[in-house]
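So the chains spell out like this:
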Amino acid sequence: MSSTATAAHDHDQSHPGPAMYLRIGIILFILTAAEVAVYEFGYNRADAGIGAILHPIVVPILLVLSAVKFALVAMFYMHLKQDSKILSGLFVFPLMIAAFIIVALMVLFAYLHYVHPVAIKI
Amino acid sequence: MSHDAHAMEMETATGLDSRKMAIWTFIGSECLFFATLISTYLVYRGRSLVGPFPHEEWTSPTGQHFEPILEIKLVTIGTALLLFSSLFVVLALYGAQKGNRKMLLGWLSATIMCGVFFICMQVYEFTHFVREGLKLSTNLFGASFFTLTGFHGTHVTIGVIWLTTMLILAIRGKLPPEKALNLELAALYWHFVDVVWIVIFPVVYLMK
């Protein structure tokens, strides 16, 4: 077996065990509960208290929580943290293009809506 | 290493298995596919001229009243189960790699059950929406919502079929540790379906 093949095999051997998987699962569950709590307080109980504080920042908080969950699954469950960097590249490069597509289209349509508000009222 | 084991790993110049490279390339292309669907949902968000709407009440010119259509509680349960299924499939993979048949069969069955529940949840949700008056052609929200979540549901269904195939192989004793990569490929696809939902859940259901 070549040295690169041995290295790749070693990567597979270093995958985390059930205890680590369970810890990540608990964190993911807590983050999901936090998302729903932010939604509930930020929108449905926004009159006073913590809801009033959360209301203007609900979207950024949800985006951050979602990004953290995404990263945890990709790094630990999909083993990108332990596997070859080539595999990370195969995933992260299209992911960056995907993020660019989403942002670019939103900016484009926001601009079109501003310039020609009637044209896109389908 | 035996000739069979060499053939099994399908090594390339990078030292990585070609099937693993292929599944990651496929997942990369799927990122772009879902990016276009999510973009479409976002750019049409809030631009529907008629209801039902996702988070707001609406009364039609004929006086018919529509409540906000999204059911957060039900979808939260579905989301939690999809997240748990990712944990279960990675435990099943661990069992397959270690030759622990009981662990493999148990966790793989649990993963499939979670996937089936998620599909049932989505079928119920779609049926409920149609009964409430939201169809693919009703408004921009309906068109973009059904397209985005429908394609995701299709991916979940394919994942359930793939994992069920793996379970049948495991029951027949045709998924020994040296063939655990076959399950790893299915698991990677399943995790991808999960991470797509991790994005869809807040974007579609939680952000007003």
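Calculation rules
- Residues numbered from 1 in each chain as written.
- Chains lettered and ligands numbered in written order.
- Predicted model: local features only at pLDDT ≥ 70, side-chain atom pairs only at ≥ 80, totals over all residues.
- Helix = DSSP H or I, 4+ residues; strand = E, 2+ residues; numbered from the N terminus.
- Contact = placed C-beta atoms within 7 Å.
- Buried ≥ 20, exposed ≤ 12 C-beta atoms within 10 Å, placed from the backbone.
- Core = buried A, V, L, I, M, F, W, Y, C linked by C-beta atoms within 7 Å.
- Domains from an automatic or database assignment.
- Axes fitted to C-alpha atoms, helices over the stretch in contact; angles between N-to-C directions.
- Parallel < 35°, antiparallel > 145°, perpendicular 65-115°, else oblique.
- Left-handed = near helix turned anticlockwise from the far one by under 90°.
- Nonpolar A, V, L, I, M, F, W, Y, C, P; charged D, E, K, R; others polar.
- Expected span 1.5 Å × (residues − 1).
- pLDDT = per-residue confidence, 0-100.

S.K.: Can you lay out the overall build of chain B for me, pointing to particular residues and giving the numbers?
M.R.: If you tally the helices and strands in chain B, you get six helices and two strands. N-terminal to C-terminal, the α/β element order of chain B is α-α-β-β-α-α-α-α. For chain B, the spread of C-alpha atoms along the three principal axes comes to 75 × 35 × 20 Å. Partitioning the intrachain contacts of chain B with sequence separation of at least 6 by distance along the chain shows that 71% fall at a separation of at least 24.

S.K.: With reference to specific residues and values, describe the overall build of chain A.
M.R.: Across its full length, chain A carries five helices and zero strands. The linear arrangement of helices and strands in chain A, starting from the amino end, is α-α-α-α-α. By residue count, 25% of the 122 residues in chain A fall in the buried class. The long-range share in chain A, meaning contacts at least 24 apart out of those at least 6 apart in sequence, stands at 47%.

S.K.: Lay out the environment of B:Ala22 in plain terms, naming residues and giving numbers.
M.R.: Summarising the element assignment, B:Ala22 is placed in helix H2 (residues 18-43). Each C-alpha atom, one on B:Ala22 and one on B:Leu185, is 9.4 Å from the other, the two residues being 163 residues apart in sequence.

S.K.: For the nonpolar core, give the residues involved together with the corresponding values.
M.R.: B:Ala92, B:Leu108 and B:Leu183 are the most contacted members of the largest nonpolar core, which totals 77 residues. Counting residues per element, the ones that place at least two in this core are helix H2 (18-44), helix H4 (58-77) and helix H5 (85-115) of chain A together with H2, helix H3 (72-98), helix H4 (101-132), helix H5 (140-171) and helix H6 (180-206) of chain B. The biggest single contributor to this core is H6(B), with 20 residues. Per-domain counts for this core show at least three residues from each of domain 1 (3-83) and domain 2 (84-122) of chain A. With near-sequence residues (within four places) excluded, B:Leu108 lies in contact with B:Ala92, B:Leu163, B:Met166, B:Leu167 and B:Ala170.

S.K.: Could you give me a rundown of the packing of H5(B) against H6(B), with the residues and numbers involved?
M.R.: All names here are of chain B. Across the interface, H5 lies against H6 with an axial gap of 10 Å and an inter-helix angle of 155°. Regarding the angle of H5 to H6, the classification is roughly antiparallel. For the element pair H5 and H6, the recorded crossing hand is left-handed. For the pair formed by H5 and H6, the contact residues are Phe145, Leu148, Thr149, His152, His155, Val156, Gly159, Trp162, Leu163 and Met166 on the first element and Asn182, Leu183, Ala186, Tyr189, Trp190, Val193, Val196, Trp197, Ile200 and Val204 on the second. Of the residues belonging to the contact of H5 with H6, the class tally is 15 nonpolar, five polar and no charged.

S.K.: An account of H5(A) is needed here, citing residue identities and associated values.
M.R.: Since the α-helix packs 3.6 residues into each turn, any two residues three or four apart lie on the same face. With 31 residues, H5(A) should reach 45 Å at 1.5 Å per residue; the first-to-last C-alpha distance of 44 Å fits that figure. Residues of H5(A) that are buried include every one of A:Leu87, A:Leu90, A:Phe91, A:Pro94, A:Ala98 and A:Ile102, and no others. Looking at the buried residues of H5(A), the elements they touch are H4 of chain A together with H2 of chain B.

S.K.: Just give me the short version of the interface of chain B and chain A, but keep the residues and values in it.
M.R.: Between chain B and chain A, the contact holds 44 residues from the first and 43 residues from the second. Contributing elements (two or more residues each) for the side of chain B that touches chain A: H2, H3 and H6 of chain B. For the side of chain B that touches chain A, the element with the highest residue contribution is H2(B), accounting for 15 residues.

S.K.: Tell me about the confidence of the model for chain B, and please be specific about residues and values.
M.R.: All names here are of chain B. Overall, the prediction assigns chain B a mean pLDDT of 90, with 95% of residues at 70 or greater. Ranking the elements of chain B by mean pLDDT puts helix H1 (residues 3-9) last with 49 and H5 first with 96. Here the prediction assigns the complex a pTM of 0.88, and the interface score ipTM is 0.87.

S.K.: Quick rundown of the packing of H5(A) against H2(B)? Include the residues and the values.
M.R.: Between H5(A) and H2(B), the least distance of the axes is 9 Å, while the angle of their chain directions is 10°. Here H5(A) lies roughly parallel to H2(B), going by the angle between them. Residues of the contact of H5(A) with H2(B), tallied by class, amount to 22 nonpolar, five polar and one charged.

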